Amino acid sequence: MPPVCPRRDCGVDYRWSEVVGNVMAFTRVDLLSTAQRSLAAAGAHDRDGWIGLFTADGTIEDPVGSRPHRGAAAIGKFYDTFIGPRTISFRPDGDIVVDTTVIRDVELIIAMTPTLTLRVPTFIRYDLRGDERDDETELKVCALSAYWELPAMVAQFARSGLGAVPSGITLGRTMLTEQGLSGCVGFLRGFRRVGSGAKGRFTDLLEAACEGDELGLRRRAGDASITHGDRAPMTTSELLKILSGGSWAKAVQSGPSVAARVERAGRRWVLIGETGPDRSSFSRLRLFGETVS
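Residues numbered from 1 in each chain as written. Predicted model: local features only at pLDDT ≥ 70, side-chain atom pairs only at ≥ 80, totals over all residues. Heavy atoms only, no water.

A.B. asks: Let's hear about a negative patch on the surface: which residues, and what values?
C.D. replies: A cluster of acidic side chains, namely Asp204, Glu207, Glu211 and Asp213, defines a negative patch on the protein surface. Tracing the sequence through the fold places Glu211 in helix α7 (residues 198-211). Residue classification places Glu211 among the exposed positions, given a relative accessible area of 60%. (Patch = residues over 30% accessible without salt bridge, like charges linked within 9 Å, V, L, I, M, F, W, Y side chains within 5 Å. Areas by Shrake-Rupley, 256 points an atom, 1.4 Å probe, with all protein chains shown as cover. Salt bridge = Lys/Arg side-chain N within 4 Å of Asp/Glu carboxyl O. Lys, Arg positive; Asp, Glu negative; His and termini not counted. Charge placed at Lys NZ, Arg CZ, Asp CG, Glu CD. Helix = DSSP H or I, 4+ residues; strand = E, 2+ residues; numbered from the N terminus. Buried < 20%, exposed > 50% of the residue type's maximum accessible area, 1.4 Å probe, protein only.)

A.B. asks: Before we move on, can you summarise the sheet that holds strand β1 (residues 54-61) with the specific residues and values?
C.D. replies: Two pairing modes exist for strands in a sheet, parallel and antiparallel, and in both the strands are linked by backbone hydrogen bonds. Taken in spatial order, the six strands line up as β2-β1-β6-β5-β4-β3 in an open sheet, and their pairing is mixed. Whereas interior strands pair on both sides, the edge strands pair on one side only; in this sheet they are β2 (69-70) and β3 (87-98). In this sheet, strand β6 (residues 136-147) lies alongside strand β5 (residues 116-133) in antiparallel orientation, the contact comprising 11 bridges. From the neighbouring strand, Asp127 faces β6, where its bridge partner is Ala143. In the packing of helix α5 (residues 150-159) onto the sheet, the strands contacted are β4 (101-113) and β5, and the crossing angle to β5 comes to about 145 degrees. (Pairing = 2+ DSSP bridges. Contact = heavy atoms within 4.5 Å. Axes fitted to C-alpha atoms, helices over the stretch in contact; angles between N-to-C directions.)

A.B. asks: Provide a residue-level description of the packing of α7 against helix α8 (residues 214-221), including the pertinent values.
C.D. replies: The interhelical angle for the contact between α7 and α8, taken along N-to-C directions, is 155 degrees, at an axis separation of 8 Å. Classed by the angle they form, the pair α7 and α8 counts as roughly antiparallel. Crossing geometry of α7 relative to α8 is assigned as left-handed. Of the residues in α8, those in contact with Asp204, Leu205, Ala208 and Ala209 of α7 are Gly216, Leu217, Arg220 and Ala221. Residue composition of the contact of α7 with α8, by class: five nonpolar, one polar and two charged. (Parallel < 35°, antiparallel > 145°, perpendicular 65-115°, else oblique. Left-handed = near helix turned anticlockwise from the far one by under 90°. Nonpolar A, V, L, I, M, F, W, Y, C, P; charged D, E, K, R; others polar.)

A.B. asks: A description of the sheet that holds strand β11 (residues 267-275) should follow, citing residues and the corresponding values.
C.D. replies: Taken in spatial order, the six strands make up an open sheet running β8-β7-β12-β11-β10-β9, and their pairing is mixed. Since the sheet does not close on itself, it has two edges, and those belong to β8 (232-233) and β9 (247-254), each with one partner. Of the strand pairs in this sheet, strand β7 (residues 225-228) and strand β12 (residues 282-289) are connected by four bridges, and their pairing is parallel. The partner of Ile226 across the bridge, within β12, is Leu285. Here α7 sits on the sheet and contacts β9, β10 (257-264), β11 and β12; the angle it forms with β9, its principal contact strand, is near 160 degrees.

So this is what it looks like as structure tokens:
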């Protein structure tokens, strides 16, 4: 039976027993190293090296909320559309490892032209698994999920005035050539639920948690499922214990999700909230970072 992606929601059947047997031989350093090679390969324009980081059934959702790209061919087209034609560097703000997931807190610096550079606050989630080939097991990315604000990037384009027009036209042509009309429409799904008020509700929730306001946190969390990582259930009291007294920053809404960084006493977490179908409440809250005993 082939290995599976450790995420429940990446489109592949989840079997924890297989995951344990397939990834536990890898250390935290191995997980970090694999994730960190992704942006390094993109910055170096190493197309084969970047695509080779993914499993054969790997997926990219960039930004979260857009239509995912699945498999080597689709991932190659993603590279040719968004990475290959431009220069990408980044400013790292910290990395978090929970189970087989790495969350990278970065600012992407994307040089569209010599005169137009975009700065994009981003959280990148890498889900990793061991991939068996030629009797060897290599750690690979089975899902990449990038949380960044598509409307904010468009606004940066708009503020650049007429100088951004040629770059915008070139990007549009490249998207049509590599992704087709359906791919362009899938990318624009990244605007989903923007303006739903989710970001404001999420920052209110963060304020309550950091202030130690358990009643306020319970009211804002509602019936949301709360977990550490993807699997370990948490109560609102446990979440409050970890975040109370902290400070939050960098709230990013990406499609139906909002992510933010929280720091307290030299420790760092990333909290990700997902809105429900009615957009008025959160269906899920996931905390990534070191738990507090």
